[in-house]
Amino acid sequence: EPKQKPTKANRTILVYMIANNSLGNAPDPNRQYDDKDLDEMLTALSQNSINNGRLIVYHVPPAKEGAPTLKEVTPNGIVSLKTYKSSTLSTDPAQLEQVIFDTYNLAPAFDYGLVLWSHSSAWLEYPTARSAYKGNINPLAFGEEITNNGTFYMKITSLAQVLNKHNFSFIYFDSCHMASIEVVYELKDAAKYIIASATELPADGMPYD
């Protein structure tokens, strides 16, 4: 018997959270910002209605804590929807595309918003950065992913190639330096609104609660 399709939500928000870096790897538990933000999201959903909305988080934890997982934050807790291979590179544009596709299927909605959570440099070059898919280059980048094979980033132009295929109501950068005109121009077809900072953000980032 075929499975019944999920009921469409008013809005699904996807948080693409790459925390396999100093934001998640800090030795001090009070400075592991991925866990803190997930707790804030739980607090928000336990206290307030989200108006028939859904909150989906693609969580890339520090490598020692397991594989990337697509989760749903609900008023009753966090539910795992899909686990990806431990070897997955989440700064690979193909993985971002896959996660968006999975979110559409698992949490269909009439409207979508996107939060991009990690380190980012906008148009400041990392001198020793390596692209996730094109060898040794100096990307101007969103996301930082530390692996046994090196540190990887996603170029803004590669990010745009994925996001410009979609029509988000908003894109919120919970990361530094992403309000430059160069970044916004690249993403002009991806969303009606882009919310970002031209400077560094406090490590705590957005208050999700």
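Use the structure listed above.
Reference entry: report on the structure contained in this document. This is a predicted model, so every value here is computed, not measured. (Residues numbered from 1 in each chain as written. Predicted model: local features only at pLDDT ≥ 70, side-chain atom pairs only at ≥ 80, totals over all residues. Heavy atoms only, no water.)

1. A closer look at the sheet that holds strand β5 (residues 112-117)
Pairing within the open sheet is mixed, and its seven strands lie in the order β4-β3-β2-β1-β5-β9-β10. The open sheet has two free edges, formed respectively by β4 (77-83) and β10 (191-195), since each of these has just one partner strand. Geometrically, the sheet is characterised by an average inter-axis angle of 20° between neighbouring strands, direction not taken into account. Sheet topology places strand β2 (residues 53-60) next to strand β3 (residues 69-74); five bridges connect them, and they run antiparallel. Across the sheet, L55 pairs through a bridge with V73, a residue of β3. (Pairing = 2+ DSSP bridges. Helix = DSSP H or I, 4+ residues; strand = E, 2+ residues; numbered from the N terminus. Axes fitted to C-alpha atoms, helices over the stretch in contact; angles between N-to-C directions.)

2. A closer look at the packing of aromatic side chains
Tallying each qualifying case throughout the model produces four aromatic pairs. Plain terms: the ring middles of Y104 and Y112 are 4.7 Å apart, the flat faces sit at 65° to each other, and that makes the pair edge-to-face. When the centroid spacing of 6.4 Å and the interplanar angle of 65° are considered together, the rings of F142 and F173 count as edge-to-face. Within this pair, whereas F142 is found in strand β7 (residues 141-147), its partner F173 is found in strand β9 (residues 168-174), the two being separated by 31 residues in sequence. Look at F173 and you get buried, because its relative accessible area is 2%. Over the ring of Y185 we find K188; its NZ or CZ atom is 4.2 Å from the centre of that ring. (Phe/Tyr/Trp six-rings, centres within 6.5 Å; stacked < 30°, edge-to-face > 60°. Buried < 20%, exposed > 50% of the residue type's maximum accessible area, 1.4 Å probe, protein only. Lys NZ or Arg CZ within 6 Å of the ring centre and 35° of its normal.)

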